[in-house]
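Here is how the chains run, residue by residue.
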Amino acid sequence: IMALGNGSFTTQFILMGLTDQPDLQLPLYFLFLGMYMVTVMGNLGLIILIGLSSHLHTPMYFFLFNLSFIDLCYSSVFTPKMLINIILYFFSFFGISECYVLTSMAYDRYVAICNPLFYNIAMSSKVCSSLVLGSYLMAVLDATTLITCMMRLTFCDANTINHYLCDIHLLLQLSCTSTHIIELEVFIVGGINIIMPSLTIFVSYGLILSNILHISSTDGRSKAFSTCSSHIIAVSLFFGSSAFMYLKPPSVSVDDGKISSVFYTNVVPMINPLIYSLRNKDVKLALRKTLRMGRF
C-alpha cells in the first residue's frame, strides 16, 4: 500500500474479506476452496466432455460449452494481487457475458419446443456463433463503459473495501468526488444487463409454457418441462442474486450484499455444471462413453 501524505491520492485498495471473525476464517477458507475445486472440475469436465462427444455438438451444448467457459473464468477472477482495474474489468466482463449467454440458451429452448421443425435452420452454427459473439461484444462494450466511469473517480485517504471483491458500488462509496452522474450511469448499465435479458427470458418461457400446455400427452409435457428445468434453475439463481446486489435499495446491509455476491460469483459457477449434467441424459450418456473409451 502506498504511503499517503497531504494532497496525495489513493491508487491501491485493501480488501477486508468476507468476515473479520477469526473463528470463521478457517472454515470459510476450506469451504470456498472446496467450492472452487468443484467449480473448476465441473466446468472443465463439461468443456472437455462436450468437445470430445460428437453427439453433443448441438446448439444447446454449444451454449453450455460457452457458459462453462465463462463460469470457469468468472470464478477465477478474484485475485487480490492483480491490479484493481484488471479485476474490475474481468469481473464485469464475465458477469455480463453470463447474462447474455443464459438469454441465448432461453431462445434455444424456445425454438426447440415451440418450433421444432425449424430448429436446425433457426439454430444453425452461424446463428449460434453470432449469438455467443454478440454476448461477448456486449460484455466488452459494457465492461469498458463501467471501467471508463471508474477512471473518472478520484480516491483520497480511504482505501479499505469492506468486501472480498472489488465491486463498483463499493468503490463509488470511497470516492472523494461527486459520484451522482457515475452512479446513474452504472445503474443504467446494470439495469440494461439485468432487466433486458430477464425480460427476454421471461417472454421466451411464457411462450414455452403456453406451448407446453397445449401438448395433449402427459409424457410430452413432462419431457418439455424437464428440458427447461435446468436452465430455469440456473437463471433464477444468477439473475436473482445479481438483481439483489445491483438493484437493491440503500437500506440493504453490506453483509447481505456479501451473501448475495457469494451466490453469483461462487455458488452459481459451481452448481451450473452439476445442474446441467446430473439432470441431463445426453451428458450422462456422453460421460459413460468417454469413461469407457478411457479404459482402453
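What counts as what
Residues numbered from 1 in each chain as written. Predicted model: local features only at pLDDT ≥ 70, side-chain atom pairs only at ≥ 80, totals over all residues. Heavy atoms only, no water. Axes fitted to C-alpha atoms, helices over the stretch in contact; angles between N-to-C directions. Helix = DSSP H or I, 4+ residues; strand = E, 2+ residues; numbered from the N terminus. Parallel < 35°, antiparallel > 145°, perpendicular 65-115°, else oblique. Left-handed = near helix turned anticlockwise from the far one by under 90°. Contact = heavy atoms within 4.5 Å. Nonpolar A, V, L, I, M, F, W, Y, C, P; charged D, E, K, R; others polar. Expected span 1.5 Å × (residues − 1). Buried < 20%, exposed > 50% of the residue type's maximum accessible area, 1.4 Å probe, protein only. Patch = residues over 30% accessible without salt bridge, like charges linked within 9 Å, V, L, I, M, F, W, Y side chains within 5 Å. Areas by Shrake-Rupley, 256 points an atom, 1.4 Å probe, with all protein chains shown as cover. Salt bridge = Lys/Arg side-chain N within 4 Å of Asp/Glu carboxyl O. 1 Å grid on protein atoms, 1.4 Å probe; cavity = no way out; pocket = protein on both sides within 12 Å on 5 of 7 lines; lining within 4 Å. Points joined across faces, edges and corners; volume = space filled by probe spheres on them. pLDDT = per-residue confidence, 0-100. Lys, Arg positive; Asp, Glu negative; His and termini not counted. Charge placed at Lys NZ, Arg CZ, Asp CG, Glu CD.

## A look at the packing of helix 2 (residues 59-74) against helix 5 (residues 125-151)
Part 1 of the reasoning: It is the contact of helix 2 with helix 5, at a shortest axis distance of 10 Å, that shows an interaxial angle of 25°. On the basis of their axis angle, the class for helix 2 and helix 5 is roughly parallel. You can see that helix 2 and helix 5 cross each other, and the crossing is right-handed. Counting all contacts with helix 2, which are made through Pro-59, Phe-62, Phe-63, Asn-66, Phe-69 and Ile-70, the residues of helix 5 involved are Cys-128, Ser-129, Leu-131, Val-132 and Tyr-136.
Part 2 of the reasoning: Of the residues in the contact of helix 2 with helix 5, the class split is 9 nonpolar, 2 polar and no charged.

## Looking at helix 5
Part 1 of the reasoning: For helix 5, with 27 residues, the first-to-last C-alpha span of 39 Å sits near the 39 Å given by 1.5 Å per residue.
Part 2 of the reasoning: Of all the positions in helix 5, only Cys-128, Val-132, Ser-135, Tyr-136, Ala-139, Asp-142, Ala-143, Leu-146, Ile-147, Cys-149 and Met-150 are classed as buried.

## Topic: a nonpolar patch on the surface
Part 1 of the reasoning: A cluster of nonpolar side chains, contributed by Phe-30, Leu-33, Met-37, Val-38, Met-41 and Leu-274, occupies part of the molecular surface with about 540 Å² of accessible area.
Part 2 of the reasoning: The biggest single contributor to the nonpolar patch is helix 1 (residues 22-52), with 5 residues.
Part 3 of the reasoning: Structurally, Met-41 is set in helix 1.

## A closer look at the layout of surface pockets
Part 1 of the reasoning: Space inside the second largest pocket adds up to approximately 580 Å³.
Part 2 of the reasoning: Looking at the second largest pocket, it is lined by 16 residues, and the ones nearest its centre are Arg-109, Lys-223, Ser-226, Thr-227 and Asp-282.
Part 3 of the reasoning: For the lining of the second largest pocket, the secondary-structure elements that each account for two or more residues are helix 2, helix 3 (84-114), helix 8 (218-246) and helix 10 (281-294).

## Remarks on empty space enclosed by the protein
Part 1 of the reasoning: Using the criterion set out here, one finds 3 cavities of 30 Å³ or more in the structure.
Part 2 of the reasoning: For the second largest cavity, the calculated volume is near 60 Å³.
Part 3 of the reasoning: Elements supplying a minimum of two residues to the lining of the second largest cavity: helix 3 and helix 8.
Part 4 of the reasoning: Counted by class, the lining of the second largest cavity contains 3 nonpolar, 3 polar and 2 charged residues.

## Some thoughts on the confidence of the model for the chain
Part 1 of the reasoning: In this model, the chain carries an average pLDDT of 79, and 82% of its residues clear a pLDDT of 70 or more.
Part 2 of the reasoning: Within the chain, the element-level pLDDT minimum falls on strand 1 (residues 14-15), averaging 64, and the maximum on helix 4 (residues 119-122), averaging 90.

## Comments concerning a positive patch on the surface
Part 1 of the reasoning: On the surface, Lys-223, Lys-281, Lys-284, Arg-288, Lys-289 and Arg-292 cluster together to form a positively charged patch.
Part 2 of the reasoning: If you trace the backbone, Lys-289 turns up in helix 10.

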